[in-house]
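Survey of secondary and tertiary structure
For reference, the chains in residue letters:
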Amino acid sequence: MVHLHQHNWITSIAPATPKHVSAVSASTATAELKAAVFDDCRKEEEWKIILLDDFTTKLLSSCGKMTDLLAEGITVVENVYKNREPVPNMKAIYLITPTAKSVDGLINDFVSKSSSKYKAAYVYFTDFCDDKLFNKMKSSCSKAIRRCKEININFFPYESQVFTLDVPNAFYRCYSPIMEKTNDNVMEQIAEQIVTLCATLEENPGVRYRSKPLDNASKLAQLVEKKLENYYEIDQRSQVKGKTHSQLLIIDRGFDPVSTVLHELTFQAMAYDLLPIENDTYKYKTEGASGKEREAILEEDDDLWVKIRHRHIADVLEEIPKLMKEVSSKRKATEGKLSLSNLAQLMKKMPHFRKQITKQVVHLNIAEDCMSKFKNNIEKLCKVEQDLALGTDVEGQKVKDQMRVLLPVLLNKNHDSYDKIRAILLYIFSTNGTTQENLDKLIQNVQIENDSDMIKNWKYLGVPVVIAAGSQQRRSSRKDRSSEQTFQLSRWTPVIKDIMEDAIENKLDTKDWPYCSQCPAPWNGSGAVSARNKPKTSYLDDRKSGSRLIVFVIGGITYSEMRCAYEVSQAYKSCEVIIGSTHIVTPRRLLDDVKALTVTKSKDTVFFKNE
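Below, the structure is looked at part by part. (Residues numbered from 1 in each chain as written. Predicted model: local features only at pLDDT ≥ 70, side-chain atom pairs only at ≥ 80, totals over all residues. Heavy atoms only, no water.)

**Quick notes on the overall build of the chain**
Rules: A run of H or I in DSSP counts as a helix once it spans at least four residues, and a run of E counts as a strand once it spans at least two, with each numbered from the N terminus. What makes two residues a contact is simply this: any of their non-hydrogen atoms within 4.5 Å. Computed with a 1.4 Å probe, the accessible areas rest on the Shrake-Rupley method; for each residue, only the protein chains presented here act as cover.
Per the secondary structure count, the chain includes 22 helices and 14 strands. Long-range contacts, defined as pairs at least 24 residues apart, comprise 79% of the intrachain contacts of the chain with a sequence gap of at least 6. Counting every atom, the chain has about 28800 Å² of accessible surface; 51% of that belongs to carbon and sulfur.

In structure tokens, the structure reads:
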């Protein structure tokens, strides 16, 4: 989707939008960028320079490799903030966010005609540029600008069904008691970013929100609905676009604290929790501790990773050696008959074999790394965590004394303070809070006074931590999954999976999940007019043409919650589930963020790029 600034000093042509966009994958965003930016400039048939800011550098990296730009006629990639050598005989593409810093970088390149760094500028903003910035740019360098557009891609496609806004600061801004009065700007920006996602997917969804535990979801849902109305009112051909067969659910992070601290044993979630994977990069040694260090990027282009990332670690450890044997036997079969044609065939296939084996070695390394950590410490923790989280043991018997379940973890010297804090939190979540006296004892006995805010600060997410003696609430009931086959140490199901399934089956209670927009017909739940006039099963028929459920969590999603989007999409073929958040969290990172909620931070570390 492309918005054009209709000013007589700039002529713009709306590029074709890719039809039938499926999922939120990098290929979708790449197709959109290609149509909106590169194809638009290609008419000029000249080599160009591209200027990016921090956000668009990440965006392009998440959509493909920088070398792909060569195919689009781009010879040089530069940072718009930095000082650069002028290249006055070349035209420049500015793919930037509409912020003062990025626009100033553009203006400085064309201060005067004689000192212009480039021959001309083609400006593409990631989303809406406000009039003040736009007029500043217009008055400073309008003569140099050949084209100016807003392309509405202000999110990162992380996986085929996962997106992130890459604003981890939002956690502090939305939940810190120190920042209470300033989170309206944050909500505005998040809403703008969600609208660009909907625009890229060509969706105008019905918007609902979880009414508890805080009011962030309600605020954000109303902003998103208002911005969607504005966006589709002024879109191409000035036609108002009605609601599409999609629904957007907005949720506050406190809705399910358990899934954020529990040890997960599915491959991706386990690896990101236990191993030092940074920026999706895993480092490993080829021949034991003395071997050469190598790096592997865990990404969508790796078919094996995509195939096994949601499987249980036990299945992964069985699967990879099988695949390695398969590849080896294929290679031996080719090597067996020595003839020139076979040799030629083998030479052609070798890179492919090498690539396959390398991927398998990488994932076997990851799996074995996870298992060594699991065997040392995590296995004992998992049983305790599952019993506390579910309130029942492996036999389905109710856990009567949670403290007795917790104590062995606290007394074990091999568990680090993070693991003990995670266990204490699961104890508190399982009883919907504990007394101040009990909490103080736990903190003193485990000697975690310095990290006690990792526990206490959950109250700012609307999660009960300290309660008066005798006022414990009952834990909310969960969907019965006792008939589903699971591993004993992986019995917990993230709450978000219940929500996704209930949403698709139109079972979400409107008291807990109010609408703040007109509801698209296929999503009409109980009490809606069209639902009364139809047999109950017909809403699924309405969706056969393909509908979407988009779930957005304020304050971070976990890898186990991401997995649920794929599992539910697989189970309900009529609906594709897409999940997104301000950022992606691991248990340790989230605990550090929770602890930091009561720490005063300087403005430049927590303010957003457009403030």
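Additional details are given in the paragraphs that follow.
**Topic: the pattern of salt bridges**
A side chain of one charge can pair with a side chain of the opposite charge when the charged atoms of the two come close. Stated formally: What makes a salt bridge here is a side-chain nitrogen of Lys or Arg within 4 Å of a carboxyl oxygen of Asp or Glu, nothing more. Think of it in three bands: residues with accessible area under 20% of the maximum for their type are buried, residues over 50% are exposed, and the middle band is partly exposed, with areas taken using a 1.4 Å probe on protein chains only.
Within this structure, the stated rule accounts for 34 salt bridges. Across the pair Glu192 and Lys227 runs a salt bridge, and its minimum N-O distance is 3.2 Å. Of the two residues, Glu192 is situated in helix α6 (residues 183-200) and Lys227 in helix α7 (residues 216-233); the sequence distance between them amounts to 35 residues. Overall, the relative accessible area of 15% leaves Lys227 in the buried class. Across the pair Asp512 and Lys212 runs a salt bridge, and its minimum N-O distance is 3.7 Å. In this pair, Asp512 sits in the loop between α17 (495-504) and α18 (529-532) while Lys212 sits in the loop between β9 (206-209) and α7, placing the two residues 300 residues apart along the sequence. Here the salt bridges share partners, and the residues they tie into one network are Arg478, Lys479, Arg481, Asp498, Glu501 and Asp502.

**Notes on the pairing of strand β13 (residues 547-554)**
Worth spelling out the cut-off: Strands qualify as paired when DSSP identifies two bridges or more between them.
For β13, a buried count of 8 out of 8 residues is recorded, marking the element as mostly surrounded by other parts of the structure. Neither face of β13 is open: one carries Ser547, Leu549, Val551 and Val553, the other Arg548, Ile550, Phe552 and Ile554, and all of them are buried. For strand β10 (residues 246-252) and β13, the ladder comprises 7 bridges, and the chain directions are parallel. Looking across to β13, one finds that Leu249 is bridged to Val551.

**Notes on the sheet that holds β13**
Convention followed: Orientation is described by lines fitted to C-alpha atoms, with helices fitted over the stretch in contact, and by angles between N-to-C directions that extend from 0 to 180 degrees.
Sheet architecture is open: 6 strands sit in the order β7-β8-β14-β13-β10-β9, paired in mixed fashion. Two strands lie at the open edges of the sheet, namely β7 (156-159) and β9, each paired on one side alone. Neighbouring strand axes in the sheet, compared pairwise and without regard to direction, differ in orientation by 25° on average.

**Things to note about the packing of aromatic side chains**
Note the cut-off: Only centres within 6.5 Å qualify two rings of Phe, Tyr or Trp (six-membered ring in Trp) as a pair; their planes then separate them into stacked at under 30 degrees, edge-to-face at over 60, and tilted for everything else. Two limits define a charge over a ring: the Lys NZ or Arg CZ must be within 6 Å of the ring centre, and within 35 degrees of the ring normal.
Scanning the entire structure with this criterion turns up 12 aromatic pairs. A ring pair is formed by Tyr231 and Tyr232, whose centres lie 4.9 Å apart and whose planes are at 90°; its orientation type is edge-to-face. For the pair Tyr231 and Tyr232, a shared accessibility class is recorded, and that class is buried. Linked through ring pairs, Tyr94, Phe110 and Tyr118 together constitute an aromatic cluster. The ring of Tyr122 carries Lys48 above its face, with NZ or CZ at 5.6 Å from the centroid.

**Observations regarding helix α2 (residues 54-63)**
Spelled out, the test is: By definition, the arc is the one covered by directions from the helix axis to the C-beta atoms. Think of a polar contact as two N or O atoms within 3.5 Å of one another; within protein, one of them needs to be a possible hydrogen donor and the other a possible acceptor, and neighboring residues in sequence only count if both atoms come from side chains.
Among all positions of α2, only Phe55, Thr56, Leu59, Leu60 and Cys63 are buried. Burial along α2 is one-sided: seen end-on, the buried residues are contained in an arc of 125°. Its side-chain oxygen placed 3.3 Å from the backbone nitrogen of Phe55, Asp53 serves as the N-cap of α2.

**Some words on the packing of helix α13 (residues 402-411) against helix α15 (residues 436-446)**
Two packed helices can be described by the angle between their axes and the distance between those axes. Where we set the bar: Note on angle classes: values under 35 degrees are labelled roughly parallel, values over 145 roughly antiparallel, values of 65 to 115 roughly perpendicular, and the remainder oblique. Left-handed describes a crossing whose near helix is turned anticlockwise from the far helix by less than a right angle; the clockwise case is right-handed. Note on residue categories: nonpolar means Ala, Val, Leu, Ile, Met, Phe, Trp, Tyr, Cys or Pro, charged means Asp, Glu, Lys or Arg, and polar means any other residue, Gly included.
Packing of α13 against α15 leaves a shortest axis separation of 11 Å and a crossing angle of 20°. Judged on the interaxial angle alone, α15 and α13 are roughly parallel. For the pair α13 and α15, the sense of crossing is right-handed. Residue-level inspection shows Met403, Leu406 and Leu410 of α13 in contact with α15, the latter providing Asn438, Leu442 and Val446. Of the residues assigned to the contact of α13 with α15, the class counts are 5 nonpolar, 1 polar and no charged.

**Details of the nonpolar core**
Filter applied, for reference: What makes a nonpolar core is a set of buried Ala, Val, Leu, Ile, Met, Phe, Trp, Tyr and Cys residues whose side-chain atoms join them at distances within 4.5 Å.
Counting residues in hydrophobic clusters, the biggest one holds 156 residues, and the most contacted among them are Leu220, Val224, Ile250, Trp458, Met500, Leu549 and Phe552. Considering each element in turn, this core owes the most residues, 13 residues, to helix α12 (residues 340-390). Beyond its immediate stretch of four places on either side in the chain, Trp458 contacts Pro257, Thr260, Val261, Leu425, Phe429, Val463, Val465, Leu590, Leu591 and Val594.

**Quick look at the packing of helix α9 (residues 267-274) against helix α20 (residues 559-571)**
For the pair α9 and α20, interaxial distance at closest approach is 8 Å and the crossing angle is 165°. Judged on the interaxial angle alone, α20 and α9 are roughly antiparallel. The crossing of α9 and α20 is right-handed. Contacts from Gln268, Ala269 and Tyr272 in α9 reach Tyr559, Ser560 and Met562 in α20. Taken together, the residues of the contact of α9 with α20 sort by class into 4 nonpolar, 2 polar and no charged.

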